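# A look at the structure
Listed below are the residues making up each chain.
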Amino acid sequence: MNSSQNASSAPTKGDAPGSGSKNPFLAIGLFVRQVLAELKKVVVPTRTELVVYSITVLLFVVVMILLIFGFDAAFSWLSRIAFSDPGAGI
């Protein structure tokens, strides 16, 4: 077994969720540092990637609009057939 397997799984005093400082300004500072560290991990797409992603999303939206329009037209046609009075002339 290596040393990580020998380690206790119980959290130490510093690892406990509520064991931090009671100073709210230190907590805010920690939060801001963590946010900035996460923002450094963000990858900004290149111009080409952005164009490709935008076109893909727009095409997907158009396909979904056409699909929903088709279902709506089909169901309205079926409901007109099912619920219309054949002798009414419409």
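Structure shown above.
Residues numbered from 1 in each chain as written. Predicted model: local features only at pLDDT ≥ 70, side-chain atom pairs only at ≥ 80, totals over all residues. Heavy atoms only, no water.

Turning to the pattern of salt bridges, a few remarks are in order. Opposite charge on two side chains permits pairing when their charged atoms draw close. As enumerated under the stated definition, the model contains 1 salt bridge in all. Glu-38 is the partner of Lys-41 in a salt bridge, and the nearest nitrogen-oxygen pair spans 3.1 Å. What makes Lys-41 exposed here is its relative accessible area of 57%. Judged by its relative accessible area of 47%, Glu-38 is partly exposed. (Salt bridge = Lys/Arg side-chain N within 4 Å of Asp/Glu carboxyl O. Buried < 20%, exposed > 50% of the residue type's maximum accessible area, 1.4 Å probe, protein only.)

Attention shifts here to a nonpolar patch on the surface. Together, Phe-25, Ile-28, Phe-31, Val-32, Val-35, Leu-36, Leu-39, Val-42 and Val-44 give the surface a local cluster of nonpolar side chains, amounting to about 930 Å² of exposed area. You can see Val-35 is positioned in helix H2 (residues 24–39). (Patch = residues over 30% accessible without salt bridge, like charges linked within 9 Å, V, L, I, M, F, W, Y side chains within 5 Å. Areas by Shrake-Rupley, 256 points an atom, 1.4 Å probe, with all protein chains shown as cover. Helix = DSSP H or I, 4+ residues; strand = E, 2+ residues; numbered from the N terminus.)

The end-to-end C-alpha distance of H2, which contains 16 residues, comes to 22 Å, matching closely the 22 Å that a straight helix rising 1.5 Å per residue would cover. Its side-chain oxygen placed 3.0 Å from the backbone nitrogen of Phe-25, Asn-23 serves as the N-cap of H2. (Expected span 1.5 Å × (residues − 1). Polar contact = N/O pair within 3.5 Å; in protein donor to acceptor, adjacent residues only side chain to side chain.)

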